Amino acid sequence: MDVSWKMGVLEDERHLWRWGPAGGDHGAMKRIARGTRGVVRRSSFSINNHHRFHFSSHPFTSLNQNLPLISTSTMDVRRRPIKQLPHRSFKPYKQQQQQQQKASDNATFPLPLYLTNALFFTIFFSVIYFLLHRWRNKIRNSTPLHLLTFSEIAALISLLASVIYLLGFFGVDFVQSILRPSPASWVIEDDNEDTPVKPCLIPHILPTNPTSEMEVEKKKPPPTIDYNPEENEEIVKQVVAGSIPSYALETKLGDCKRAAAVRREALERITGKSLTGMPLDGFDYESILGQCCEMPVGYIQIPVGIAGPLLLNGGEFSVPMATTEGCLVASTNRGCKAIYMSGGATCMLLKDGMTRAPVVRFGSAKRAAELKVFLEDPENSDTLAVVFNKSSRFGKLQSIKCAIAGKNAYIRFCCSTGDAMGMNMVSKGVQNVLDYLQTDFPDMDVMGISGNYCSDKKPAAVNWIEGRGKSVVCEAVIKEEVVRKVLKTNVAALVELNMLKNLTGSAMAGALGGFNAHASNIVAAVYIATGQDPAQNVESSHCITMMEPINDGKDLHISVTMPSIEVGTVGGGTQLASQAACLNLLGVKGASKEEPGSNSRVLATIVAGSVLAGELSLMSAIAAGQLVKSHMKYNRSTRDMTKLAT
């Protein structure tokens, strides 16, 4: 068989192989490929995207049909599964690898591989024993170690040779297996679909920059599996009969979407009510398993509108708002326009700390008071912080405040939580401290990890006064011309209305943190859009809106102070696709690598800035007498619902 080998050198002195047999022996081609694999594999070179592998045209099929020459301008290296071609059968990759390695070893060493390895291992350990024995005698006889005999020189050379062999044989593959994974196959593919794909002989080569096609392939969703309707029908009947619990469908079926479809059908049969109108398809049910929602039967569609740009702290933000209330997005957008035309708003973070307050009980009020003294003693703060912080690298204890009610102690822990909202994080730290306290206070009974002194998802004075999550103040100066032309009112009317409505009116109602026009409207809309916990809108909407005239009454100074905005950019609903897209729009998706916690802090300022815009616009509409008119125009459906119902 006549086999010609050619090696070309590129302009940057990197070597690439160009090969091809001159004859038509397919089996010989395979033997050559196997024989050269070890050489190529252990060659040290790199391949950039602009390098191409050149192949001579050669017969590659069993019919000895000549294939066209592959164009070097269109060839690229891609990591893809081996395609089953009709003209060639492929063996499993590991089997090919073993056969190729065996052929390479037989071509390289005169002895069988196991004998060669045994020989070098024997040399290595024998030389080590010999040198140690000689050096021991030299030390006993006070002979300098650097004076070497011929036998010692030969032993050192043998030791070096055995080390080089063993490292080359075992070390290279071991290091490569750690640094980069072994791919299932590597193929060189032509852009021409009619040209058969040939397996590449050089493994472990990744392109420097993945092509766009590779990125698209990685993002492709897994193929959907069509199940037999009869199988689903049988499972639905078992769910209706109660033999299969509805909550166990995901575990039993192994397919979250199929489980949702089966559960939905069973629910309709049990209740006799239709869920038509609630979509099932088009949602990734795998993403919510064990994280966001249990026993799903579909999802609710809530439109998302954009208010902005909101000019805040020198940056512009397009604020996503998920709501079904007409006028809300339009009103907030008008407020953003007024702020933008007046030079923007400024927002400051006052405090950042999530809280959790367990309740513990003692046999006497004296013991409860002793615990309070122990926890609030500055000498114990460092020890408690170490115990608390060991559960997370982001959760850092800031303070402990203890309140006594008879024999019961309510311990309010406050800690930083990075870019997470942090309820789970602080709860783990609190559990660590409670376990630690059992040593010094064995008579302490932990009644609950949360004793409502936190306080979570309830209006509470402790949050209004002490703050929870992010405490933020946001302000802006609205110019007189903007108040008149954009907001359609005047500064004096706004100031007077704010005093009578947001301050005096709320006090008359006994409001707790509700000294505002509609802060919860904006907070809820932004929370739903960005994957926050909607229930925490309760304390996050604590807000006091202040307005006063400045510059001789010509301009308006407006501010909102919100002491307990509870947001995060990682965890929970922030990982869902739609919510993550909204966070990405704001530039705060995920955790900040440069400054942990900065993304969630920026999100809190955006919430406060959006509330400022919403307060400004709604108060202006009320002062101008436009509230009813605007809601009648934009918040009433003109569709005939009776016809839709029939």
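What counts as what
Residues numbered from 1 in each chain as written. Predicted model: local features only at pLDDT ≥ 70, side-chain atom pairs only at ≥ 80, totals over all residues. Heavy atoms only, no water. Helix = DSSP H or I, 4+ residues; strand = E, 2+ residues; numbered from the N terminus. Buried < 20%, exposed > 50% of the residue type's maximum accessible area, 1.4 Å probe, protein only. Contact = heavy atoms within 4.5 Å. Areas by Shrake-Rupley, 256 points an atom, 1.4 Å probe, with all protein chains shown as cover. Phe/Tyr/Trp six-rings, centres within 6.5 Å; stacked < 30°, edge-to-face > 60°. Expected span 1.5 Å × (residues − 1). Polar contact = N/O pair within 3.5 Å; in protein donor to acceptor, adjacent residues only side chain to side chain. Core = buried A, V, L, I, M, F, W, Y, C linked by side-chain atoms within 4.5 Å. Pairing = 2+ DSSP bridges.

Draft legend 1. Quick look at the overall build of the protein chain. On a plain count of helices and strands, the protein chain comes out with 21 helices and 16 strands. Of all 646 residues assigned to the protein chain, the portion counted as buried reaches 42%. Across the protein chain, every contact between residues at least 6 apart in sequence was considered, and the portion connecting residues at least 24 apart equals 70%. For the protein chain, the exposed area adds up to about 35,000 Å²; of that, 57% sits on carbon and sulfur atoms.

Draft legend 2. Layout of the packing of aromatic side chains. As enumerated under the stated definition, the model contains nine aromatic pairs in all. Plain terms: the ring middles of Phe362 and Phe441 are 6.1 Å apart, the flat faces sit at 75° to each other, and that makes the pair edge-to-face. Separated by 79 residues along the polypeptide, Phe362 in the loop between strand 9 (359-361) and helix 10 (365-376) and Phe441 in the loop between helix 12 (423-440) and strand 12 (445-448) bring together distant segments of the chain. What makes Phe362 buried here is its relative accessible area of 3%.

Draft legend 3. Quick look at helix 8 (residues 256-271). With 16 residues, helix 8 ought to run about 22 Å at 1.5 Å a step, and its terminal C-alpha atoms sit 22 Å apart, in line with that. The elements touched by buried residues of helix 8 are helix 6 (229-241) and helix 7 (249-253). Looking at where helix 8 begins, the residue whose side-chain oxygen comes 3.1 Å from the main-chain nitrogen of Lys257 is Asp255. Immediately downstream of helix 8, the backbone of Gly272 shows phi near 75°, a positive value.

Draft legend 4. A look at the nonpolar core. Judged by nonpolar contacts, the single largest core of 54 residues is most densely connected at Met321, Ile478 and Ile565. With residues near it in sequence (within four places) discarded, Ile565 still touches Arg468, Gly469, Lys470, Val472, Tyr527, Ser540, Ala604, Val607 and Ala608. Val387, Leu397, Val426 and Val433 belong to the second largest nonpolar core, which has 27 residues in total.

Draft legend 5. Spotlight on the pairing of strand 11 (residues 408-416). Extensive coverage of strand 11 is indicated by the burial of eight of its nine residues. Looking at chain direction, strand 8 (residues 346-356) and strand 11 are connected through three bridges and run antiparallel. Counted as the bridge partner of Arg356 is Phe413 from strand 11. As judged from the three bridges shared by strand 9 and strand 11, these two strands associate in the antiparallel manner. Across the sheet, Val359 pairs through a bridge with Tyr410, a residue of strand 11.

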